[in-house]
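The lines below spell out each chain.
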Amino acid sequence: MTSDTAIAKAFSPVIIPAKIRTLFDDLSFAHIAAAHISEATGIPVTIDDVVTQDMLDKVTVLSVLSGAPGKFTSLRGIGHLRNLQNVMIENQPVTRLPEDFGTLAKLTSAHFINSALKSIPDWIGNLTSLTQLNLSSQRPLGIMRGSIPESIGNLTRLERFDVGNNNNLCGKLPDSMARLTALKNLLIQSNGFEDMTVLNAMPSTTNINFHNQALGIFDLGKVRQNNSLTIRLPE
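Cut-offs used in this document
- Along each chain, residue indices are assigned from 1 in the same order as the chain's sequence is written.
- It should be noted that, the model being predicted, local features are given only for residues of pLDDT at least 70 and side-chain atom pairs only at 80 or more, the latter also being counted only at that level, while totals for whole chains, interfaces and linings use all residues.
- The side-chain numbers reported here are obtained from all heavy atoms of the structure, hydrogens and water having been left aside.
- Strands are labelled as partners when DSSP assigns at least two bridges between them.
- Secondary structure counts use DSSP, requiring at least four H or I residues in a row for a helix and at least two E residues in a row for a strand, with both numbered from the N terminus.
- With axes taken as lines fitted to C-alpha atoms, and helix axes fitted only over the stretch in contact, angles between N-to-C directions fall between 0 and 180 degrees.
- Relative accessibility under 20% of the residue-type maximum defines a buried residue, over 50% an exposed one, and the middle range a partly exposed one, all with a 1.4 Å probe and only protein chains included.
- Salt bridge criterion: a side-chain nitrogen from Lys or Arg within 4 Å of a carboxyl oxygen from Asp or Glu.
- Here, residues are in contact when the closest pair of their heavy atoms is within 4.5 Å.
- Think of it this way: a Phe, Tyr or Trp ring, Trp meaning its six-membered ring, pairs with another when their centres are within 6.5 Å, and the plane angle makes it stacked under 30 degrees, edge-to-face over 60, tilted otherwise.
- Here a helix's expected span is defined as the number of its residues, less one, multiplied by 1.5 Å.
- By the criterion applied in these results, polar contacts are pairs of N or O atoms within 3.5 Å in which, for protein atoms, one can donate a hydrogen and the other can accept it, and in which residues neighboring in sequence qualify only through two side-chain atoms.

Some remarks on the sheet that holds strand S12 (residues 207-209)
- The strand order S3-S4-S5-S6-S8-S10-S12 describes an open sheet built from 7 strands, whose pairing is parallel. At either margin of the open sheet sits one strand with a lone partner, and together these are strand S3 (61-64) and S12. Each adjacent strand pair in this sheet contributes to an overall mean axis angle of 10 degrees, direction not counted.

Topic: unusual backbone geometry
- The linkage connecting Ile-16 with the following residue, Pro-17, adopts the cis geometry, with an omega of 15 degrees.
- For Pro-17, the position within the fold is in the segment before strand S1 (18-19).
- Put simply, Arg-139 and Pro-140 share a cis peptide bond, and its omega is -5 degrees.
- Within the secondary structure layout, Pro-140 lies in the loop between strand S6 (132-134) and strand S7 (145-146).
- Even without a glycine there, the phi angle at Asn-165 is positive, about 65 degrees.
- Tracing the sequence through the fold places Asn-165 in the loop between strand S8 (160-162) and strand S9 (168-172).
- Relative accessible area serves as the criterion here: at 30%, Asn-165 is assigned to the partly exposed category.

A word on the pairing of S3
- The alternating pattern of S3 places Leu-62 and Val-64 on a buried face and Val-61 and Ser-63 on a face that is not buried.
- In the sheet, S3 pairs with strand S4 (residues 86-90) via 4 bridges, with the strands oriented parallel. By the bridge assignment, Leu-62 is partnered in S4 with Val-87.

Let's talk about the pattern of salt bridges
- With the rule as written, the count across this model stands at 6 salt bridges.
- With a closest N to O distance of 3.1 Å, Asp-100 and Arg-76 form a salt bridge. Taken together, the positions of Asp-100 in the loop between S4 and strand S5 (109-113) and Arg-76 in the loop between S3 and S4 put the pair 24 residues apart, joining distant regions of the chain.
- For Asp-100, a relative accessible area of 0% gives the class buried.
- Using a relative accessible area of 24% as the deciding quantity, one classes Arg-76 as partly exposed.
- Across the salt bridge formed by Lys-172 and Asp-175, the nearest N and O atoms sit 3.3 Å from each other.
- On the accessibility criterion, Asp-175 (43% relative accessible area) is partly exposed.

A look at the sheet that holds S9
- Across the sheet, which stays open at both edges, the 3 strands sit in the order S7-S9-S11 with parallel pairing between neighbours. Since the sheet does not close on itself, it has two edges, and those belong to S7 and strand S11 (192-195), each with one partner.
- Relative to S9, S7 runs parallel, the two sharing 2 bridges. If you follow Gly-146 over to S9, its bridge partner there is Leu-169.

Thoughts on the environment of Ser-74
- Mapped onto the fold, Ser-74 is located in the loop between S3 and S4.
- The sequence separation of Ser-74 and Arg-96 amounts to 22 residues, and the corresponding C-alpha distance is 7.6 Å.
- In contact with Ser-74, other than residues within four places in its own chain, are Asp-25, Asp-26 and Phe-29.

Some thoughts on the packing of aromatic side chains
- In this structure the tally under the stated criterion is 3 aromatic pairs.
- Centre to centre, the rings of Phe-24 and Phe-29 are 5.4 Å apart; their planes meet at 85 degrees, and the pair counts as edge-to-face. The pair Phe-24 / Phe-29 is uniform in exposure class, with both members buried.
- Taken together, a centroid distance of 5.6 Å and an interplanar angle of 70 degrees make the contact between Phe-101 and Phe-112 edge-to-face.

A closer look at helix H1 (residues 27-41)
- Relative to the 21 Å expected for 15 residues at 1.5 Å per residue, H1 spans 21 Å between its end C-alpha atoms, a close match to the ideal helical length.
- Taken as a whole, H1 has its buried residues at Phe-29, Ala-30, Ile-32, Ala-33, Ala-34, His-36, Ile-37 and Ser-38.
- Near the N-terminus of H1, the side chain that reaches the backbone nitrogen of Ser-28, with its oxygen 2.8 Å away, is that of Asp-26.
- At the exit of H1 stands Gly-42, carrying a positive phi of roughly 75 degrees.

What follows is the structure in structure tokens.
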């Protein structure tokens, strides 16, 4: 069985043309995909309609905002939408990013806000076109655990990285974050990172919010003066 921390395995897509319902594990997500395919192609389709790869490739934006009808727990099959550039998902009970999400080579923006993600997979570093990655405020509070993987340093185009308000992310901020030279905004507030010394190596132009952290190693002498830190005692 493949875990969240496994390297993204080669995506084995369904043979296309195929019915939309066969492309995605979660039928609620299949309905959402069908709506986006309809919008992108101008051809009304349902999950029982057959689509071609050309139709799937026209979908470059996937947006599911708060209040959208239907809830889904799995994104498995999203790799079929191989030209996705922007993903925005709010308030959905998605607990993990599937391995085929790591095959979206053109993805520049990914926002999972108030969802239910439990961890950040190692293969997140495969998404080298990303400029914005928002994994903040997963619900219930504290469900996202573990650390930020070293592979985050592969995202050298990243301008905004937000994992704030997750409470239970912990450990050492990876040394590879020093390679994020394009980073303009780093939001890691309200977590439990015990070692944040890599912040000394971040670009001086990076705005950092690291309020409310667990007590640990804080040799932050070189962090720019307009940043501030509030420390909370571990429970």
